[in-house]
Amino acid sequence: MKLVRDNIQLDKNFPFQISRVILNHENSHPDTFHWHSYFEITYVQKGQGNYFVNGQEYEMDEGDIIIFNNVEPHGWNLVGDDMHLLVMIFSPEFVAEKLSVFDSEYLKPFVERGSNFKNRIGREEPVSHEIRKAIREIYQEWEEQREGYPLMIKANILRILTMLIRAYQDESKSDEMLKEKKNAMKRLEQAFSYIDEHYCEKITLEEVAASVYMSSNYFSTYFRKVTSISFSEYVTRLRIRHARELLRDQEKSVTEAALECGFNNISNFYRLYKKHVGKPPRDHKNQKSENSIKTVEEIP
């Protein structure tokens, strides 16, 4: 599992983009989650896939919509043929000026999640039809860029957000939760960097949690929520992936590869390698062709 941050630069004067995106097996990386500093609303026009966010898996089909705020790491996995999407991204400032309390109300679907909120808005839900219609109108305005198109786009965005407020919002949560999550995400990103630098050494959950100023319990819980696996499982996968790379070098013995990747117990290394790769490391070392060996992305 990898966590990366997208750095798409939006126009400062009009921080909004909408584009048609095709997801296919070549650009599918289910072991990679990403997050970004803008909000996203995605409409599935064709195809099927699974989106992963907040420890939940959403099965997405034609007509479904999914939304993400700016602190939610998410990933996807293609099912069957290509997925065709309309993807809208926009910054908080596009909707609400910092000094405008009134405009900030529109951001509630992204900031304050009601108890009945789900990232996925299914095609069968009453609000879905109107949102899809508005997204198509926004895309048409973006493509044609007729006189006044920025105002038409913003008007439709506000309309969509108002529909989401009516359908999913309650007053039970505060934007303090969003601030807390944003800070936690930044620290978790630092934790992933720390792990990537030290996973071949003796590394502990307590050590990593301390490096980002989190308690061990909080870090462990938040790490699992984001990645859907435990800290120890994540480190094991990194080590196994590195071991596979080393075993492609015929001069490295299995024992040398294991020790270099942080495995001090060779029996344990054999057991974990076979569990994740499907065959013992010696078989991998002796295999001249890699066609029958799982790719790293296929390690569960």
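Residues numbered from 1 in each chain as written. Predicted model: local features only at pLDDT ≥ 70, side-chain atom pairs only at ≥ 80, totals over all residues. Heavy atoms only, no water.

Counting residues in hydrophobic clusters, the biggest one holds 33 residues, and the most contacted among them are Phe 16, Val 95, Ile 157 and Ile 160. When contributions to this core are tallied by element, the ones reaching two or more residues are β2 (16-23), β4 (39-53), β6 (65-68), β7 (74-90), α1 (92-95), α4 (126-144) and α5 (149-168). Examining the composition of this core, we find that eight residues originate from one element, α5, more than from any other. Setting aside anything within four residues of it in sequence, one finds Ile 160 in contact with Ile 41, Met 88, Ile 131, Ala 134, Ile 135 and Ile 138. Leu 3, Met 185, Val 212 and Tyr 234 belong to the second-largest nonpolar core, a separate cluster that totals 25 residues. (Core = buried A, V, L, I, M, F, W, Y, C linked by side-chain atoms within 4.5 Å. Buried < 20%, exposed > 50% of the residue type's maximum accessible area, 1.4 Å probe, protein only. Helix = DSSP H or I, 4+ residues; strand = E, 2+ residues; numbered from the N terminus. Contact = heavy atoms within 4.5 Å.)

Here the focus is the packing of aromatic side chains. A complete count under the given rule lists 20 aromatic pairs for this structure. When the ring of Phe 223 is compared with that of Phe 231, the centres are 6.1 Å apart and the planes differ by 75 degrees; the resulting orientation is edge-to-face. Classification of Phe 231 by relative accessible area gives buried; the value is 9%. Centroid distance Phe 269 to Tyr 270: 6.3 Å. Interplanar angle 75 degrees. Geometry classified as edge-to-face. Given a relative accessible area of 27%, Tyr 270 falls into the partly exposed group. Here the aromatic cluster, defined as three or more aromatic residues joined through ring pairs, consists of Phe 14, Phe 16, Phe 39, Phe 90, Phe 94, Trp 142 and Tyr 149. (Phe/Tyr/Trp six-rings, centres within 6.5 Å; stacked < 30°, edge-to-face > 60°.)

An ideal rise of 1.5 Å per residue puts 27 Å on 19 residues; α4 measures up with 29 Å between its terminal C-alpha atoms. Those residues of α4 lying buried are Val 127, Ser 128, Ile 131, Arg 132, Ala 134, Ile 135, Ile 138, Tyr 139, Glu 141 and Trp 142. With its phi angle positive at about 50 degrees, Gln 145 sits one or two positions after the end of α4. (Expected span 1.5 Å × (residues − 1).)

The backbone of Gln 145 shows a phi angle near 50 degrees, a positive value even though the residue is not glycine. The residue Gln 145 is located in the loop between α4 and α5 in this model.

With respect to the secondary-structure elements, Leu 272 resides in helix α11 (residues 266-277). Its relative accessible area of 11% is what places Leu 272 among the buried residues. As a C-alpha pair, Leu 272 and Thr 236 span 36 residues in sequence and 8.0 Å in three-dimensional space. Filtering out sequence-adjacent residues up to four positions away, Leu 272 remains in contact with Thr 236, Ile 240 and Phe 263.

Taken across its 15 residues, β4 has eleven buried, putting it largely inside the fold. Bridge count for β4 against β6 is four bridges, and the pairing is antiparallel. Residue Glu 40 lies in a different strand from β6, and its bridge partner there is Phe 68. Sheet topology places β4 next to strand β5 (residues 56-60); five bridges connect them, and they run antiparallel. In the strand pairing of β5, Phe 52 is matched with Glu 57. Between β4 and β5, which pair antiparallel and follow one another directly, the connecting turn spans two residues, one of which, Asn 54, has a positive phi of 55 degrees. (Pairing = 2+ DSSP bridges.)

At a closest axis distance of 10 Å, the pairing of helix α9 (residues 231-247) and α11 adopts a crossing angle of 90 degrees. As far as their axial angle goes, α11 and α9 are roughly perpendicular. Residues Glu 233, Thr 236, Arg 237, Ile 240, Ala 243, Arg 244 and Leu 247 of α9 touch α11, and the partners they reach there are Phe 269, Leu 272, Tyr 273, Lys 275, His 276 and Val 277. (Axes fitted to C-alpha atoms, helices over the stretch in contact; angles between N-to-C directions. Parallel < 35°, antiparallel > 145°, perpendicular 65-115°, else oblique.)

Further remarks concern helix α8 (residues 216-227). With twelve residues, α8 should cover 16 Å at 1.5 Å per step; its first-to-last C-alpha distance of 16 Å lies within 8% of that length. For α8, the complete set of buried residues consists of Phe 219, Tyr 222, Phe 223, Val 226 and Thr 227. End-on view of α8: buried residues confined to an arc of 115 degrees, all on one side of the axis. For α8, the exposed residues set more than 90 degrees away from the buried face come down to Asn 217 and Thr 221. Of the residues flanking the end of α8, it is Ser 228, one or two places downstream, whose phi is positive at about 70 degrees. (Arc of directions from axis to C-beta.)

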